[in-house]
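Per-entry structural report
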Amino acid sequence: MKTQSARPSERRRASDRPRISDDARGPDRRRAPDRPPNAADSAGTGTGLPDLSQYGRLAEYNRKRHFGVTPEPAGTPVQRPAGHPLEFVVQKHRARQLHYDFRLEHRGVMLSWAVPKGPSPDPAVKRLAMETEPHPMDYNQFEGVIPEGEYGGGTVMIWDKGVWAPIAPTGLGDEAEADRQLKKGDLKFVLLGEKLSGSWVLVRTRGTRQWLLIKHQDEYVRHEDVATTRPLSVVSGRTLAAIAEAAGASPRQLGDAVAADPPGAVTATSATRRRSTSKSADRQGTPRPRTRPAKR
Ligand code: MN
């Protein structure tokens, strides 16, 4: 299947916009009034010059979006101290097609894969995962509606979130270990989320962008389609339809969202929501794992 970036209308829109590299040179910045003026400089090196290597990792993300129109956050990489827990998030996204955006924090951005059928906790079920452009970490808090006509227009739900770590031969690995495994196209990792946990692997199968997401055997294996059995937002307890309605989706987007919820799915009541979210630790910042990995 095609990734969103391959859609002709978006290629056209992207090429109409100034490129980040031109923008950062100076004079052409006026051509991009909808981008935060200090976006390049905020990741500065202390030399007064924009840090293009940092900005570059979110250049594709920024190029595809009009931040004066979409409620999505503008892309600025963050610098976090080494050794902190790495965030992961899965966002259910009804764009032109329903898919689940699987995102892993790595070096200040969220590496992203679009998983059409969503992650499966059954090792027998391998799920196609198309690598997409890295997203800013602020995106982990985004739940709402991207307007029609914008890149990825449609409704977004925070379907799962938690922390992750690469698995090294001797225990949990660091970012350098993640770099090695990503380059090899064989990233083994552990998740601690509310719906997804345990050991997983992403294996690159073809070209540079096509991967498979596969669950490893462990105590977190389940033989059910969690995308269907656990369809609600982990932050708001809402269905996709409720998110669409609250965020002012168009009638067509609302219809798409309704159709993307499993039949009979209803938004959790405040009582059930309190019960289900009380298990997740800090809703504002980095979620803490409920159980610590054995080797840490
Ligand atoms: Mn998406």
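Since we're looking at a predicted model, the values are computed, not measured.

A separate point is the overall build of the protein chain. In terms of helices and strands, the protein chain carries nine helices and ten strands. For the protein chain, the residues scored as buried account for 39% of the 296 residues in total. Partitioning the intrachain contacts of the protein chain with sequence separation of at least 6 by distance along the chain shows that 60% fall at a separation of at least 24.

Time to look at the confidence of the model for the protein chain. When pLDDT is averaged across the protein chain, the result is 80; 72% of the residues are at 70 or more. Long-range and interchain partners of residues 1-54, a stretch whose pLDDT sits below 50, account for 60 contacts in this model, where long-range means more than four residues apart. Predicted confidence for residues 277-296 stays below pLDDT 50, and this span has 27 contacts to residues more than four positions away or in other chains.

Moving on, we come to unusual backbone geometry. Despite not being glycine, R107 has its phi angle at roughly 55°, a positive value. Examined against the element boundaries, R107 turns out to sit in the loop between β2 (98-106) and β3 (109-115).

Our next topic: the pairing of strand β1 (residues 86-94). The element β1 is extensively covered by neighbouring structure, given that eight of its nine residues are classed as buried. Sheet topology note: the β1/strand β6 (residues 154-168) ladder contains nine bridges and is antiparallel. Within the sheet, the bridge partner assigned to L86 lies in β6 and is W164.

Our focus in this paragraph is the nonpolar core. Within the largest apolar cluster, 50 residues are counted, with the highest numbers of intra-cluster contacts made by W164, F189, L191 and L213. Per-element tally for this core: the top contributor is β6, with eight residues.

This brings us to the environment of L202. Residue position: L202 is located in strand β9 (residues 197-206). On the neighbour-count criterion, L202 (22 C-beta atoms within 10 Å) is buried. Residues L202 and R127, spaced 75 residues apart in sequence, show a C-alpha to C-alpha distance of 9.5 Å. If sequence neighbours within four positions are ignored, L202 has contacts with A129, L187, W211 and L213.

In this section: the environment of E131. Inspection of the secondary structure assignment puts E131 in strand β4 (residues 127-136). The spacing of E131 and A114 is 17 residues in sequence and 6.3 Å in space, taken between C-alpha atoms. Once you skip the residues sitting within four places of it in the chain, E131 turns out to touch W113, R209 and W211.

Time to look at the pairing of β2. The buried fraction of β2 amounts to seven of the nine residues, a majority that puts the element mostly inside the structure. Across seven bridges, the pairing between β1 and β2 is antiparallel. By the bridge assignment for β2, H93 is matched with H99. From the end of β1 to the start of β2, which pair antiparallel, there are three residues. Bridge count for β2 against β3 is seven bridges, and the pairing is antiparallel. Looking across to β3, one finds that Y100 is bridged to V115.

So, about helix α8 (residues 251-260). Buried residues of α8: Q253, D256, A257 and A260, and no others. Buried positions in α8, seen along its axis, are confined to an arc of 100° and lie on one side of it. Relative to its buried face, α8 has exposed residues pointing more than 90 degrees away, namely P251 and A259. Structurally, α8 contributes buried residues whose contacts are with β1, β2, β5 (144-146), β6 and α7 (240-246).

About the criteria used
- The residue count restarts for each chain, going from 1 along the sequence in the order it is written.
- Note on the predicted model: pLDDT of at least 70 is required for a residue's local features to be given, and 80 or more for side-chain atom pairs to be given and counted; whole-chain, interface and lining totals, by contrast, use all residues.
- Segments assigned H or I by DSSP are reported as helices when at least four residues long, segments assigned E as strands when at least two residues long, and all are numbered from the N terminus.
- Buried residues are those with 20 or more other C-beta atoms within 10 Å of their own C-beta, exposed residues have 12 or fewer, and partly exposed residues lie in between; C-beta atoms are placed from the backbone.
- Here the contact rule is simple: place C-beta atoms from the backbone, and any two residues whose C-beta atoms are within 7 Å are in contact.
- Residue-level confidence of the predictor is summarised by pLDDT, bounded by 0 at the bottom and 100 at the top.
- By definition, two strands form a pair when at least two bridges between them are found by DSSP.
- For the purposes of this analysis, a nonpolar core is taken to be any set of buried Ala, Val, Leu, Ile, Met, Phe, Trp, Tyr and Cys residues that are connected through C-beta atoms within 7 Å.
- Relevant arc is that of directions from the helix axis to the C-beta atoms, nothing else.

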